Amino acid sequence: MNESKGPEATTDRNAWGLWEVFVRSSRGLSHVHAGSLHAPDAAMALRNARDLYTRRNEGVSIWVVPADAIAASDPDSKGSFFESPQGKDYRHATYYTKSEGVKHL
Amino acid sequence: MEANAPHNADRQAADSQAKDRQDADGQANFDRVIAEDSRIEPKDWMPDAYRKTLLRQISQHAHSEIIGMQPEANWISRAPSLKRKAILMAKVQDEAGHGLYLYSAAETLGQTRDKMMADLIAGKARYSSIFNYPALTWADMGAIGWLVDGAAICNQVPLCRASYGPYGRAMVRVCKEESFHQRQGFEILLELAHGTPEQKHLAQDAVNRWYAPALMMFGPPDDDSPNSRQSMAWNIKRFSNDELRSRFVGMMVEQVRVLGLTLPDSEIRFNEDTKKWEHGPLDWNEFHEVLAGRGPCNAQRLERRREAHDDGAWVREAAAAYAAKQSLKTKEYAA
């Protein structure tokens, strides 16, 4: 991977995959996406994530996930993919107004 | 082969029509998102010029953070106390972090990090002109924090609302961390200004040298900033260079009084008609010279960046070799 030398030899980083970083800010909360970084393996990705995303006690737990392991919905098919809940207001409590004024409901 | 030619031509025409249709749909969606002041995300269709503008701006911003470590890192070993040393190290580490957040954001536009790093080292990429000025005394750590980080914050707060999602999110993180940078600089100047006459002189001298370069960080005057209008139409920029500069001058006028120092500009005034702060003339020739690579420290900064990159090569190689070996071992166990 690092056979060439000299100024063009910056490609060694290509061997370092892209990792997505998720941080749990405190107990009881979910891990939330914080950002991404490059690292050669999971152990280094975790260490780098600690240095990069938790310099001020932002987290009590970190997940790192290889970016190419994430399957994502296609932004272009937004309309059809997410259309199912449209027009189904009855899935929300606010749809039911006749019980207005009734306590603890 | 010849019989296929018309068929290929048909297919090419059909492909190109399909592409045009996609572009038209994409443009319509892009225009709607911008008009609603919503955010564009990496996988959305975007005009080539929008992508190019962002890539240039975000990568230059990342380079500025990385090069920006140098003037201060140089003073870590000469900080006057353990407390100041720890603060300066934390600040320089933050700048590295900010560079990495921004490289990540730039990568989502389709540029590899290697290419950006290679361009910086080869001297092909630009970064903020401010980092090509030397940090001559300890008081410069104060003036850089107060004026340079102050100007950067002024610039960056509106960028938190930039229309490109990853850029805005990176800037939110940067701005949260940056406010300590300005305060620690202010505190250094405040302590020097209330110290011995020599210390006060150091503080004033540093403010004198950093004032004009800090004002120029906002970029050329509006009349001479051809790309600003388009960037504002795209909701990347929210305020013009002159608008931000004027706001910054107003803030500094207040703060310099608390420091007990003065700004080296006798023409600062509040214009009652425009309700804006005005400042004396700036040397834009100098700005363009520094940007073109002919500033006091350009060569030194790039040389240092190159050295650091080369010195780190064995670490990157060792880490990659270790990772490769570990993954081989895992496979052996599995087999």
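Here, every reference points to the structure presented above.
Description of the structure in this document.

In this section: the overall build of chain B. Broken down by element type, chain B carries 13 helices and 2 strands. In terms of overall dimensions, chain B has C-alpha extents of about 90 × 65 × 35 Å along its principal axes. Taken over 335 residues, chain B has a buried fraction of 47%. Counting only contacts in chain B whose residues sit at least 6 apart along the sequence, the fraction spanning at least 24 positions is 76%.

Okay, the overall build of chain A next. Broken down by element type, chain A carries 2 helices and 3 strands. Starting at the N terminus and ending at the C terminus, chain A contains elements arranged as β-β-α-β-α. Taking contacts inside chain A between residues at least 6 apart in sequence as the whole, the part at least 24 apart equals 41%. Counting every atom, chain A has about 7700 Å² of accessible surface; 54% of that belongs to carbon and sulfur.

Let us look at the environment of B:S128. Mapped onto the fold, B:S128 is located in the loop between α5 (113–121) and α6 (139–159). Expressed as a C-alpha distance, the spacing of B:S128 and B:M216, which sit 88 residues apart in the sequence, is 9.7 Å.

Next up on the list: the environment of B:W75. Residues and elements named next belong to chain B. Within the fold, W75 resides in helix α3 (residues 69–76). Relative accessible area serves as the criterion here: at 9%, W75 is assigned to the buried category. Along the backbone, W75 and G142 are 67 residues apart, and their C-alpha atoms lie at a distance of 12 Å. Excluding its chain neighbours within four sequence positions, the residues that come into contact with W75 are L88, A135, L136, T137, W138 and M141. Only 3.0 Å separates the side chain of W75 from the backbone oxygen of A135, close enough to count as a polar contact.

Let's shift gears to the sheet that holds strand β3 (residues 61–66) of chain A. Residues and elements named next belong to chain A. Taken together, the 3 strands give an open sheet; going across it, the order is β2-β1-β3, and neighbouring strands pair in antiparallel fashion. Of all the strands in the sheet, the pair left with one neighbour each is β2 (31–39) and β3. Ignoring which end each strand starts from, the neighbouring axes of this sheet average 30 degrees apart. Looking at chain direction, strand β1 (residues 17–24) and β3 are connected through 6 bridges and run antiparallel. Residue R24 lies in a different strand from β3, and its bridge partner there is S61. Helix-sheet contacts for helix α1 (residues 42–53) involve β1, β2 and β3, and the interaxial angle to β2 is about 115 degrees.

Between the first and last C-alpha of helix α7 (residues 165–193) of chain B there are 42 Å, a value that for 29 residues agrees with the 42 Å anticipated at 1.5 Å per step. Of all the bends in α7(B), the greatest measures close to 30 degrees and is centred on B:E177.

Turning next to the packing of α7(B) against helix α10 (residues 241–259) of chain B. Residue and element names in this part refer to chain B. One can describe the packing of α7 onto α10 by two numbers: an axis separation of 9 Å at closest approach and a directional angle of 40 degrees. Taken together, the axes of α7 and α10 are oblique relative to one another. Contacts from Q182, F186, L189, L190 and A193 in α7 reach M252, Q255, V258 and L259 in α10. Its residues assigned to classes, the contact of α7 with α10 shows 7 nonpolar, 2 polar and no charged.

As a further point, take the packing of aromatic side chains. Counting across every chain of the model gives 13 aromatic pairs over all chains. Ring centres of A:F81 and A:F82 lie 5.0 Å apart, and the angle between their planes is 85 degrees; on these two criteria the pair is classed as edge-to-face. Taken together, a centroid distance of 6.4 Å and an interplanar angle of 65 degrees make the contact between B:W146 and B:F186 edge-to-face. Of this pair, B:W146 sits in helix α6 while B:F186 is found in helix α7, placing the two residues 40 residues apart along the sequence. We classify B:W146 as buried; its relative accessible area is 0%. Each residue in the set A:Y90, A:Y95 and A:Y96 is aromatic and connected to the rest through ring pairs, giving one cluster. Directly above the ring of B:W75 sits B:R78, whose terminal nitrogen or CZ lies 4.2 Å from the centroid.

Rules of the game
- Residues numbered from 1 in each chain as written.
- Chains lettered and ligands numbered in written order.
- Predicted model: local features only at pLDDT ≥ 70, side-chain atom pairs only at ≥ 80, totals over all residues.
- Heavy atoms only, no water.
- Helix = DSSP H or I, 4+ residues; strand = E, 2+ residues; numbered from the N terminus.
- Buried < 20%, exposed > 50% of the residue type's maximum accessible area, 1.4 Å probe, protein only.
- Contact = heavy atoms within 4.5 Å.
- Areas by Shrake-Rupley, 256 points an atom, 1.4 Å probe, with all protein chains shown as cover.
- Polar contact = N/O pair within 3.5 Å; in protein donor to acceptor, adjacent residues only side chain to side chain.
- Pairing = 2+ DSSP bridges.
- Axes fitted to C-alpha atoms, helices over the stretch in contact; angles between N-to-C directions.
- Expected span 1.5 Å × (residues − 1).
- Bend = angle between axes of the 7 residues up to and from the residue.
- Parallel < 35°, antiparallel > 145°, perpendicular 65-115°, else oblique.
- Nonpolar A, V, L, I, M, F, W, Y, C, P; charged D, E, K, R; others polar.
- Phe/Tyr/Trp six-rings, centres within 6.5 Å; stacked < 30°, edge-to-face > 60°.
- Lys NZ or Arg CZ within 6 Å of the ring centre and 35° of its normal.

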